Amino acid sequence: MTMKKIAVIAFGMLLFILPTKAQTLESQYGLDSANTILNASLYTEYWKQKNYEEALPSWRYVFLNAPAFQLNTYIRGEDIIEYMIKKTKKKEYVDTLMMLFDRRLQYMAKKSREGYVLGKKGMAQVKYSNGDINMLKAGFDNLMRAYELEKENTPPQLIHATFDVACGLVQQNQLSQEEFINLYMNFSDFADKRLASGEKGCENFGVCKAALDAIFFESGYADCNTLADLLTQKYEANRDSLPVLKEISSILRRRECTDLPLYAMVAEKIYHQEPNADAAYSLAMMFFSKQDIAKFEQYLKEAINKSDDPKAKADYNYKLAQVYLSRKNYPLAKKYALDALKTNPNLGDAYITIGLAYAVSSNDYEGDEFDKRTVFWAAVDKFVKAKQVDPSLTAKVNEYIERYSPHFPTKDEAFFRDITAGKSVKVGGWINETTIARFRD
């Protein structure tokens, strides 16, 4: 049985239930109920077969003459018109797609969320703007309106797309730098909250957040001097607003602008209003930028003690370990690296810190030349462990292994110690590790 016969049968059956009131464009079956049913049946069959070009004439009839008929006119119409845009590259079809979204809001308001439809329209305007700045701006406005209407239902893809468009607009002087930075802070905070909610699908906001950071920091509008100028104005207008102060602190910290006087003022104000772990950490970073290591240690340790976030606590401990490593206090570097691993066992960089502490302190290890060389066994063990827990560090770790493995003892040196390859060896002192003997030749 052909599709046309199926449509005719459907048409005949539905004649018995058609409404008898006067037919208008606003009525469900449009201007001609019989033709609406027939054409809807025809285009639906073609649509199911993905034969969008054949579906177009029948779909167009329903779209133009019975816009209130059913939601599928708009859902399936998107597939049909998108196909025609791709095939013909004609602007007329882009205009039809825009009309489709507008009519959906007009005739299917009860069955469609306005924010959802505006988001789709905005995405389409951006996609098909083809250098038309006015269309790009209109798309941005629709995306922003969709975000305002959808609120927590806004998908991460829309957030990412909107900010990407904003970056293009600010580069064309269609959006101010202040608006761009404020949008980044707004979206970044939104992504953080959605990610922290733990709801199904919200893990995708982690990818979104990384994309926002990449766009912002590569935009050319996030250098410290620019941020200082714009955020100082924001600070002056909101000196006692804790949420605003936190926004300013967060963005300066992410951009590593902690040596700015503005950062110092903001960090101290936040700490006095809310002396929690994050505030203490902000002060620690401020003192670090001033090379006031004593104050840095004081506030970073306070942040560690006050934090109840395992990952943040690990990061704080790791930063402290890094500072002790740079100051050649190797036992304390190891201590805080181990503390970091207690709350984040997959922090491979902490293992690297311990390995480096061992390797660079080898000359201070008690014993003769052979004993000092055994320290490199323990160091390489930590490097290997680092890439086991975090494979992304493999290339970096392999460089350390290649650098320090040549310092292993030789078989001849080990012969007089009755040590053979694979034998367990104790490396004492503050290192206090049991390792496996291996040789450089």
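Located above this text is the structure these notes cover.
Just so we're clear, the structure is a prediction, and the values are computed from it rather than from any experiment.

(A) The state of the cysteines, seen in detail. All told, the structure shown has 1 disulfide when counted by the stated rule. The closest cysteine sulfur to the non-disulfide-bonded Cys167 is located on Cys208, 14 Å from its own sulfur. Cys208 sits in the buried class, given a relative accessible area of 4%.

(B) Spatial organisation of helix H11 (residues 224-237). Between its first and last C-alpha, H11 extends 20 Å over 14 residues, near the 20 Å set by a 1.5 Å rise per residue. If you look at H11, its biggest bend is around 25°, right at Leu231. Of the residues making up H11, those classed as buried are Thr226, Leu227, Ala228, Leu230, Leu231, Lys234 and Tyr235. Buried residues along H11 sit against helix H9 (177-197), helix H10 (204-217), helix H12 (242-254) and helix H13 (261-273).

(C) Spotlight on the packing of aromatic side chains. On inspection of all chains with the given rule, the structure shows 26 aromatic pairs. Judged by centre distance (6.1 Å) and plane angle (70°), the ring pair of Phe180 and Tyr221 falls under edge-to-face. Of the two residues, Phe180 sits in helix H9 while Tyr221 sits in the loop between H10 and H11, which places them 41 residues apart along the sequence. A single burial state applies to Phe180 and to Tyr221, both of which are buried. On the basis of an interplanar angle of 75° and a centroid distance of 5.7 Å, the ring pair of Phe190 and Phe205 is categorised as edge-to-face. Of the two residues, Phe190 sits in helix H9 while Phe205 sits in helix H10, which places them 15 residues apart along the sequence. A single burial state applies to Phe190 and to Phe205, both of which are buried. Aromatic rings pair up to connect Tyr147, Phe163, Phe180, Tyr184, Phe187, Phe190, Phe205, Phe216, Phe217 and Tyr221 into one cluster. One residue, Arg76, lies across the ring of Trp47, its end atom 4.5 Å from the ring centre. Directly above the aromatic system of Phe63 lies the positively charged group of Arg103, at a separation of 5.3 Å from the ring centroid.

(D) Layout of helix H14 (residues 277-289). Between its first and last C-alpha atoms H14 spans 19 Å; for 13 residues at 1.5 Å apiece the expected length is 18 Å, and the two agree. Counting buried positions over the 13 residues of H14 gives 10, a clear majority of the element. For H14, the complete set of buried residues consists of Ala277, Ala279, Ala280, Tyr281, Ser282, Leu283, Ala284, Met285, Met286 and Phe287. Buried residues belonging to H14 abut H12, H13, helix H15 (293-306) and helix H16 (310-326). With a side-chain oxygen lying 3.3 Å from the backbone nitrogen of Asp278, the N-terminal cap of H14 falls on Asn276. Directly after H14, the chain includes Gln291, whose backbone phi takes a positive value near 60°.

(E) Broad picture of the nonpolar core. Membership of the largest hydrophobic core comes to 115 residues, with the highest contact counts inside it found for Phe163, Phe216, Leu231, Ile251, Leu252 and Phe383. When residues of this core are assigned to their parent elements, the largest contribution, 10 residues, is made by helix H19 (residues 369-389). Phe216 has contacts with Phe163, Phe180, Ile181, Tyr184, Ala222, Leu227 and Ile251, leaving out every residue within four places of it along the chain. Grouped together as the second largest cluster of nonpolar side chains are 31 residues, Val62, Phe69, Tyr93 and Ala124 included.

What counts as what
Residues numbered from 1 in each chain as written. Predicted model: local features only at pLDDT ≥ 70, side-chain atom pairs only at ≥ 80, totals over all residues. Heavy atoms only, no water. Disulfide = S-S within 2.5 Å. Buried < 20%, exposed > 50% of the residue type's maximum accessible area, 1.4 Å probe, protein only. Helix = DSSP H or I, 4+ residues; strand = E, 2+ residues; numbered from the N terminus. Expected span 1.5 Å × (residues − 1). Bend = angle between axes of the 7 residues up to and from the residue. Contact = heavy atoms within 4.5 Å. Phe/Tyr/Trp six-rings, centres within 6.5 Å; stacked < 30°, edge-to-face > 60°. Lys NZ or Arg CZ within 6 Å of the ring centre and 35° of its normal. Polar contact = N/O pair within 3.5 Å; in protein donor to acceptor, adjacent residues only side chain to side chain. Core = buried A, V, L, I, M, F, W, Y, C linked by side-chain atoms within 4.5 Å.

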